[in-house]
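Examining the three-dimensional arrangement
If you want the building blocks of each chain, they are given just below.
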Amino acid sequence: MKFRAKIVDLACLNHFTRVSNMIAKLAKTCTLRISPEKLNFILSDKLASGGVSMWCELEQENIFSEFQMEGVSAENNAIYLELTSENLSRALKTAQNARALKIKLTNKQFPCLTVSVELQLSSSSSSRIVTHDIPIKVIPRRLWKDLQEPSVPNSDVSIYLPALKTMKSVVEKMKNISNQLVIEANLNGELNLKIETELVCVTTHFKDLGNPLLPSESVSQSRHPEDMAEVHIDIRKLLQFLAGQQVTPTKAVCNIVSNRTVHFDLLLEDVSLQYFIPALS
């Protein structure tokens with residue numbers, strides 16, 4: 001297995017740093033999947049046991065000026081690495097205004113993802129190199145089957161999200177009242193965030209959000225437009241997702257499978273993010 005890549009464009013470097021910061025807020029540890037065309041950041045807690053799942057994808061050619069990799073074999077040309085998300089984010093934060101950044105797979109008594117940052121010295125034309133060795137765990141081929149792109153279940157309602165900053169502000173206030181939240185939406189472009197306790201019921205209404213076009217064979221086509229689909233979730237998991245968003249997405253969709261899961265589908269510049277939060281049992 002071999003991997004080395006280089007970024008020299010400052011805009012691409014800042015973009016990759018923002019993605020890394022987002023991943024660090026969404027997942028303490030994650031899997032980095034490296035393939036010839038794409039990088040994926042994966043979190044695969046089992047939804048059945050109450051964990052969230054994440055699939056983040058970016059095209060390597062939109063980030064790297066140089067990119068070389070050899071996977072475990074010609075048939076399985078990919079590399080799966082487990083790492084602490086914050087370690088990568090912290091390393092990239094030192095690369096602001098850097099001349100160049102290099103990432104490669106190394107073995108320094110233990111497997112590492114080595115990040116080398118070339119920094120311009122302000123007083124002269126010379127530069128210095130700052131190196132970060134991020135410990136990783138190489139995931140064997142037999143475990144890859146648990147780290148594939150999640151299948152998106154047929155949703156009862158699919159709806160565009162309001163501004164995520166607005167949602168975050170609302171959910172932060174609701175968190176002080178309850179640990180549970182109800183997300184409900186219909187095919188009339190209406191989304192409600194609701195908490196209910198023995199003492200109080202609080203609902204925030206969003207209207208005229210719009211609904212993505214669904215395939216004609218979708219079961220949602222048979223729903224009455226005003227009928228709400230709802231899911232009860234852990235409010236902290238939703239807040240973690242909202243807090244992780246550093247960039248206003250160009251597309252933000254919420255898919256609700258009643259009483260099972262809520263699936264967020266975001267497009268952030270040229271990065272796609274899917275995030276699943278299971279219903280509370």
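Refer to the structure presented above.
Described below are features of the structure shown in this document. Quick caveat: nothing in here was measured; it's all calculated off a predicted structure.

Parameters and conventions
- Residues numbered from 1 in each chain as written.
- Predicted model: local features only at pLDDT ≥ 70, side-chain atom pairs only at ≥ 80, totals over all residues.
- Heavy atoms only, no water.
- Core = buried A, V, L, I, M, F, W, Y, C linked by side-chain atoms within 4.5 Å.
- Buried < 20%, exposed > 50% of the residue type's maximum accessible area, 1.4 Å probe, protein only.
- Helix = DSSP H or I, 4+ residues; strand = E, 2+ residues; numbered from the N terminus.
- Domains from an automatic or database assignment.
- Contact = heavy atoms within 4.5 Å.
- 1 Å grid on protein atoms, 1.4 Å probe; cavity = no way out; pocket = protein on both sides within 12 Å on 5 of 7 lines; lining within 4 Å.
- Points joined across faces, edges and corners; volume = space filled by probe spheres on them.
- Nonpolar A, V, L, I, M, F, W, Y, C, P; charged D, E, K, R; others polar.

As for the nonpolar core
Judged by nonpolar contacts, the single largest core of 78 residues is most densely connected at Phe16, Phe41, Ile183, Leu238 and Phe264. At 7 residues, the largest contribution of residues to this core is made by helix α1 (residues 10-26). Residue assignment places this core across two domains, with domain 1 (2-146) and domain 2 (157-278) each supplying three or more. If near-sequence neighbours (up to four positions away) are discounted, Phe41 is found in contact with Phe16, Val19, Ile23, Cys30, Thr31, Leu32, Met54, Trp55, Cys56, Leu58 and Leu88. Core analysis: the second largest hydrophobic core is formed by 7 residues, Ile42, Tyr80, Ile139 and Leu147 among them.

Observations concerning empty space enclosed by the protein
Per the stated rule, a full pass over the model turns up 2 cavities of 30 Å³ or more. Taken as a whole, the largest cavity holds about 90 Å³ of empty space. Lining of the largest cavity is provided by His15, Arg18, Val19, Met22, Gln246, Val247, Leu268, Glu269 and Val271. Ranked by the residues each element gives to the lining of the largest cavity, the list is headed by α1, at 4 residues. Of the residues in the lining of the largest cavity, the class split is 5 nonpolar, 2 polar and 2 charged. Mapping the lining of the largest cavity onto the domain boundaries places at least three of its residues in each of domain 1 (2-146) and domain 2 (157-278). Reported here for the second largest cavity is a volume of approximately 60 Å³. As for the second largest cavity, its lining consists of Phe3, Phe16, Leu32, Leu39, Phe41, Phe64, Leu88, Ile103 and Leu113. Of the residues contributing to the lining of the second largest cavity, the split by class is 9 nonpolar, no polar and no charged.

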